[in-house]
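Observations on chain architecture
The chain contents come next:
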Amino acid sequence: MKLRNILLLLALGMLFACEPKIDDFTTTSGGADFSKYVAIGNSLTAGYADKDLYLSGQENSYPAILAYQFEAAGGGEFKQPLMFDEYGFGNRLLLDAAKPGPVPAGVAPDQRNFTSIAAEGPFNNMGVPGAKSFHLVPGAEAYSALNPYYARFAAIPGTSTVLEESVAQNPTFFTCWIGNNDVLGYALAGGAADSITPTALFQMAVGAVLQGMTANGAKGAIANIPNVTDIPFAQFMNTQVPYNGLLMDTTQAAQLTYAYQQFELFLASQGITWDYPEFSPGLNPFMVTDETLPLPAPFNVRPMEQGELFLLTLATDSLPMGMGSVNAMGGNIVPWGIPSQYVLLSNELEEIDQAVVDYNEIIAGLATQFDLALVDMNAKFKTVANQGMEVDGIMFTTAFISGKTFSLDGVHMTAQGYSVAANFFIEAINDKYGSGITTVSPRLYPGIYYYQ
Amino acid sequence: MRKTTLLVVAMCLFGASVFAGGYQVRLQGHRQTGMGLIGVSLFGDASNLFYNPAGLSKMNTKWSIMAGGSGIFSTTAFSLENSVYQTTTDNPIGTPFYIYAAGMVTEKLGVGVGVYTPFGSSAKWDDDWVGSHLIQNISMKVFFIQPTVSYKINDMFSLGAGFVVASGSVELNKSTSYGTPTAVGAAGLSGNTISYGYNVGVTITPNEQFSIGVDYRSRVNMTMEDGDATFTLPTSVESIIPVKNYFNAELPLPANLDIGVAYKPNDKLTLALELNYVFWGVYDSLKFEFKEEPELLNSSNPREYKNTMIFRVGGEYVINDLLTVRAGFYYDPTPTDSEYFTPETPSLNTYGFSAGISIKPTKNLAIDISYLHLETQESVRSYAPEYFTGTYNGRTMIPGIGVSYNF
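Residues numbered from 1 in each chain as written. Chains lettered and ligands numbered in written order. Predicted model: local features only at pLDDT ≥ 70, side-chain atom pairs only at ≥ 80, totals over all residues.

1. Quick word on the overall build of chain B
Across its full length, chain B holds 4 helices and 22 strands. Taking 22 Å as the expected radius of gyration for a compact globule of 407 residues, we find that chain B reaches 22 Å, a close match to that expectation. A total of 407 residues make up chain B; the buried ones form 49% of that total. Across chain B, the fraction of contacts at a sequence separation of at least 24, relative to all contacts at a separation of at least 6, is 69%. (Helix = DSSP H or I, 4+ residues; strand = E, 2+ residues; numbered from the N terminus. Rg over C-alpha atoms; globule rule 2.2 N^0.38 Å. Buried ≥ 20, exposed ≤ 12 C-beta atoms within 10 Å, placed from the backbone. Contact = placed C-beta atoms within 7 Å.)

So, in C-alpha cells, the structure goes:
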C-alpha cells in the first residue's frame, strides 16, 4: 500500500510540473545603463518605410530592435507612438506582381492614425519623419504643430520640442541619428526646392541635442550620415534610362540639330549669344534644364553630363513625347529640358557630397566632445553600395527592391535593413562601453514582400 | 465491438507526439510501457503482435484480446539564441492506441491481427512565432494493420512474422514571404498514403528463468503523391504562384532491430534489459516536389538523421492474483543532427521513467495502467541553412490505460 501511495504522489507531482523551463538570457551592460533608453532622430529612427509610417514598420524600427536586445542587459520598457494599422497616413506603397514598380496600397487607413495619442506618452522613440537637425531644438516649437507625424504624439503641439520631451524622460541611454533630411530634402527635390542646412546651424543644433541628453550623465551613441546619392532613389532610374539615352536616326538627328539652330537664332535676336550642341545619329545626351545657365526658360537647357543622376521620380512617360529634346505639341517648337526636380546636376551633387562630408566631420567631433559611441553608417553603407554586405546568407545591396536594403520608396530601409542598422549600433555601443548586447539576425525580420 | 466500428475509431484518433526518438512511438502495450517500453523478450498475450510476433505461439491462454490507448501531454520550450525571446508549443494531446486479437489455434500455431500507431508527430507553435517560416504546426498520423502468424518450433524456439499495411497522413503549415500587410503568406500541405512492411521475430527460452527475444520491424516508406498544397497569397501574386498545387514528398519510417533478455529469478519477479537499434540514417533530407512552378517551389531540406541505439531496463513484480506492479527506465538518444534540427520535430536526447500497474478483477480480465514520464536534455540546436539557432527543452507526460481479456 505504501508503495502505491508514493507512486500516486510522484505521478501527481509530475502532472503539475507541466512546462519545461529554459533559463532567461542575460548579458552585461558594461559601463552603460540601458534602463531608460530614448531614441532621437528622423524617419529612419521612427521606422518609416515604403513611403509611410505604419505599425509593423515601427515595431521593427532599429530603436525597437535595440530596446529588445537591451532587455537582456537591464533594459526597460520602450514605448513608441504606434500607428493603429499597416497603412499609416494612407501613402504606403506595395508591390504588385503584375506591375514593374511599387503601387499605392489604396487602402483607407484607420482614422485613429490621424488623432493625437499624446496621452499614451511619453514615448521612448522620439524619431520624427521629416525632421532636420534644427527641428529638434528650442526655436522649433512650431514644428510640433506643423509636422503631422510629430503633431500626433507631441505632448503640446506648437510648444513641445523633441529635445525637451526627450530630456524630460530622464534617459540613462540614448541614440541620435540626424542629418539625413538636412541634405536629403534638397537632393530628393533634384535641387529644385528646399536647401541644405548650413554647417554652422547643423553644428549648433546637434551640439544642443547632445548637450541636453548628456546633462544628467546619460551615455549614448550617435550615427553619421550615409552618402545620400547611393540610395536607390538617386541610383535606380539611371540603370533604366542612361544620361545619353536620347536615341535618334539620321533624319531625327538632323531635324533636332536644325531645331536647336533655330533656337540659337531666336536667342541672338534677343541679344543672347549661345551655342547649342549638334545631334548625331545614335545615342545623345538628354537635354536637361539648368537654372544656373544665363538663359531664359525654356531655353536654359544643356546636354546631361555623365555622372549626373536621374531620380526615381523621373516621369518616364514624358520622354517619348519629347521631354529631353523639344516640345512640339503646342503651336511653337521650344526646347524641353528635363525638369530639374528629376535630375541631380553636377554642381548639386558636389554640394550634397560636400555637405555629407562636413556634417560627418561635425558628428565625429561631437562624439568625441561628448564621449559617445560613434556609428559610422557612412562607411557601412559605402560597403553595401560598392560590393554588397552579406549577413546570415542574405546579400544586402543598394539595388532597388532586389537589394533587400531599401524599401519601396527607394529612400528608407526595409525591416531587414533596419535590423542590420541596429547591429551597427550594437557593435559600436559594445566597443565603447564594454557591454555584451547581442546582435540580431535579419532572417527574423520581413524583407520587401508586401503585395496587393 | 464490430471490426468496422473498430476501424472507424482507429481512423479518428490522432497519432502520438513523443519527440524522444524522432517521430517514433512505442506505446503499443501497457505492460511494456510500464517496464520502460521493453517488450521483445516478454510474451504471454496478444501485445506481442507488435513487440515480437514469435510470442503469439507462447501465450498463457488460448485467446487474447486487448485494446488500449495513451494520452500524450507534451510541451517543447524554445529560447532564441542570444535573445530574451522564449516560447513554448501548445500541442494537442496525442492519442496512440492499439487493438490486438490473437489465438493459439493449435498448441504450436498462433495467429492474430492488430491495429496500432507506431509513428506520429504533432507540434503546434504560435502562428507568428519567430520560426514560423520553418514550421507553424504539423500533425502526422500513422497506423499499421498487421496480420500475424507465429510458430512454436519447440520449447526453446518460437518464430513469428507479420505483414504490415501502413496508412499515414500528414498536415503541416508554415508562413511564406509573400504576404499582404494584413495577412502573412502561408503554405499548407497535406497528404496521405498507404505503404507496406513486415515484422519478424524469434524468441529463445533456454529455461524457465531466461528468455531472449530478437525482433526486426522493416522500414516503411511513406511516399506521398499528389498531396494537396494550398498557398495563402496576395491577389497579385496568384498569377505567379498558383494557390492550389500538388506535391510529392517521401518520409521514411525507419527499421528497428530489437534485442532483449528477461530473467525470472522466481514466480513473481521479472527483470529485463533491451537494446533497440533504430535505422534512422535513411532519413537524410525531406524533399518537396511541386507539380506547378517546380523551379520556384521545389525544395530539398537536409535532415541528416543518424542511426540510434536505445537502452532500456525494466522490471515487473506480481504482488498477488489481483495486482502486478512495474517500473522501468530508458535512455533514448535523438537521431537528429545538431546543425539540421528543425522545430517541426524537436527531438532531443531523452530519459524515460515509467511505472505501471495491472489489476485483475477476474481471472480473465486485466486492466493495465501505465505512466511514462520523459525529460529531455536541454540542448542548443540549429537549422543552419536558415541560420536559426536556439535552446530547446521538452517534457512529456503519458498516462495510459488498457484492457485485456485472455481466456
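2. Let's talk about the overall build of chain A
Regarding its fold elements, chain A presents 14 helices and 17 strands. Projected onto its principal axes, the C-alpha positions of chain A cover 115 × 50 × 40 Å. Residue burial in chain A is summarised as follows: out of 452 residues, 48% are buried. Here the contacts in chain A between residues at least 6 apart in sequence split such that 74% fall between residues at least 24 apart.

3. A word on the sheet that holds strand E1 (residues 37-41) of chain A
Residues and elements named next belong to chain A. Spatially, the 5 strands line up as an open sheet ordered E4-E1-E5-E6-E15, and their pairing is parallel. The open sheet terminates on both sides in strands that have one partner only, identified here as strand E4 (125-127) and strand E15 (373-375). Averaged over all pairs of adjacent strands, the angle between their axes in this sheet comes to 15 degrees, without regard to strand direction. Taken together, the 3 bridges between E1 and E4 define a ladder with parallel strand orientation. Bridge pairing links Gly41 to Gly127 in E4. Here helix H9 (residues 199-214) sits on the sheet and contacts E1, strand E5 (173-177) and strand E6 (219-223); the angle it forms with E5, its principal contact strand, is near 170 degrees. (Pairing = 2+ DSSP bridges. Axes fitted to C-alpha atoms, helices over the stretch in contact; angles between N-to-C directions.)

4. Focus: the interface of chain A and chain B
Taken together, the contact between chain A and chain B spans 29 residues of the former and 32 residues of the latter. Across the side of chain A that touches chain B, the residue classes tally to 16 nonpolar, 5 polar and 8 charged. (Nonpolar A, V, L, I, M, F, W, Y, C, P; charged D, E, K, R; others polar.)

5. Considering the environment of Leu293(A)
One can find Leu293(A) in the loop between strand E9 (287-289) and strand E10 (301-303). Excluding residues within four positions of it along the chain, Leu293(A) makes contact with Asn300(A) and Arg302(A).

6. Considering the nonpolar core
One finds Ile40(A), Leu136(A), Val209(A), Leu311(A) and Phe425(A) to be the most contacted residues of the largest nonpolar core, which totals 137 residues. Here this core gets 10 residues from one element, more than from any other, and that element is helix H14 (residues 415-433) of chain A. Both of domain 1 (37-228 + 346-444) and domain 2 (238-344) of chain A provide at least three residues apiece to this core. Of all hydrophobic cores here, the second largest spans 62 residues; its members include Ala187(B), Ala272(B), Phe279(B) and Tyr330(B). (Core = buried A, V, L, I, M, F, W, Y, C linked by C-beta atoms within 7 Å. Domains from an automatic or database assignment.)

7. Quick notes on the packing of H9(A) against helix H12 (residues 346-369) of chain A
All names here are of chain A. Relative to each other, H9 and H12 sit at 30 degrees, their axes nearing to 10 Å. As summarised for this structure, H9 and H12 are arranged roughly parallel, according to the angle between their axes. The crossing of H9 and H12 is right-handed. The segment H9 lies against H12, with Thr199, Phe202, Gln203, Val206, Gly207 and Leu210 engaging Asp358, Tyr359, Ile362, Ile363 and Leu366. Across the contact of H9 with H12, the residue classes break down as 7 nonpolar, 3 polar and 1 charged. (Parallel < 35°, antiparallel > 145°, perpendicular 65-115°, else oblique. Left-handed = near helix turned anticlockwise from the far one by under 90°.)

8. Side note on the domain arrangement of chain A
Often, the extent of an interface is quoted as the loss of accessible area on bringing the components together. Residue and element names in this part refer to chain A. When cut into domains, chain A gives domain 1 (37-228 + 346-444) and domain 2 (238-344). Computed from C-alpha coordinates alone, the two centres of domain 1 and domain 2 are separated by 38 Å. Counting residues at the interface gives 10 residues for domain 1 and 11 residues for domain 2. The dominant element in the side of domain 1 that touches domain 2, judged by the number of residues it contributes, is H12, at 4 residues.

9. Thoughts on helix H8 (residues 180-188) of chain A
In an α-helix, one turn spans 3.6 residues, which is why side chains three or four residues apart end up on the same side. For H8(A), a buried count of 8 out of 9 residues is recorded, marking the element as mostly surrounded by other parts of the structure. Looking at the buried residues of H8(A), the elements they touch are helix H2 (43-46), H9, helix H10 (232-240), strand E14 (343-344) and H12 of chain A.

10. Structural notes on the environment of Ala268(A)
Residues and elements named next belong to chain A. Turning to its location among the elements, Ala268 is positioned in helix H11 (residues 250-269). Judged by C-beta crowding, with 11 C-beta atoms within 10 Å, Ala268 ranks as exposed. A sequence separation of 80 residues divides Ala268 from Glu348, and the C-alpha atoms of the two residues are 29 Å apart.

11. Digging into the packing of helix H4 (residues 62-70) of chain A against H14(A)
All names here are of chain A. Look at H4 against H14: their axes get within 8 Å of each other, and the N-to-C directions meet at 55 degrees. With respect to H14, the axis of H4 lies oblique. The handedness of the crossing between H4 and H14 is right-handed. Here H4 contributes Tyr62, Ile65, Leu66 and Gln69 to the contact with H14, which in turn contributes Tyr418, Ser419, Ala421, Ala422, Phe425 and Ile426. Of the residues in the contact of H4 with H14, the class split is 8 nonpolar, 2 polar and no charged.

12. Examining helix H13 (residues 377-386) of chain A
Residues and elements named next belong to chain A. Those residues of H13 that fall on the buried side of the exposure criterion are Met377, Phe381, Val384 and Ala385. The arc that holds the buried residues of H13, viewed along the axis, is 95 degrees, so those residues lie on one side. Seen from the buried face of H13, the exposed residues on the opposite side, beyond 90 degrees, are Ala379, Thr383 and Asn386. Contacts made by the buried residues of H13 are with E6, E15, strand E16 (389-391), strand E17 (394-396) and H14. Directly after H13, the chain includes Gly388, whose backbone phi takes a positive value near 85 degrees. (Arc of directions from axis to C-beta.)

13. Quick look at the confidence of the model for chain B
Residues and elements named next belong to chain B. For chain B, the mean per-residue pLDDT works out to 91, and 95% of the residues sit at or above 70. A low-confidence stretch, residues 1-20 (pLDDT under 50), is modelled with 52 contacts involving residues beyond four sequence positions or located in other chains. Reported confidence for the predicted complex is 0.88 by ipTM and 0.91 by pTM. (pLDDT = per-residue confidence, 0-100.)

14. A few points about unusual backbone geometry
The amide bond that connects Gly121(A) to the next residue, Pro122(A), takes the cis arrangement and shows omega of 5 degrees. Residue Pro298(A) is reached from Ala297(A) by a cis peptide bond, and omega for that bond is -5 degrees. Here Pro298(A) is to be found in the loop between E9 and E10. A positive phi angle, near 55 degrees, is found at Asp226(B), a position not held by glycine. Tracing the backbone through its elements, the reader meets Asp226(B) in strand E11 (residues 220-232). A positive phi angle is found at Glu293(B), which is not glycine, with a value near 55 degrees. Within the secondary structure, Glu293(B) is located in the loop between strand E15 (285-290) and helix H4 (294-297).

15. Section: the environment of Phe73(B)
For Phe73(B), the location among the structural elements is in strand E2 (residues 73-80). Here the alpha-carbon distance between Phe73(B) and Tyr371(B), two residues 298 residues apart in the chain, equals 11 Å.

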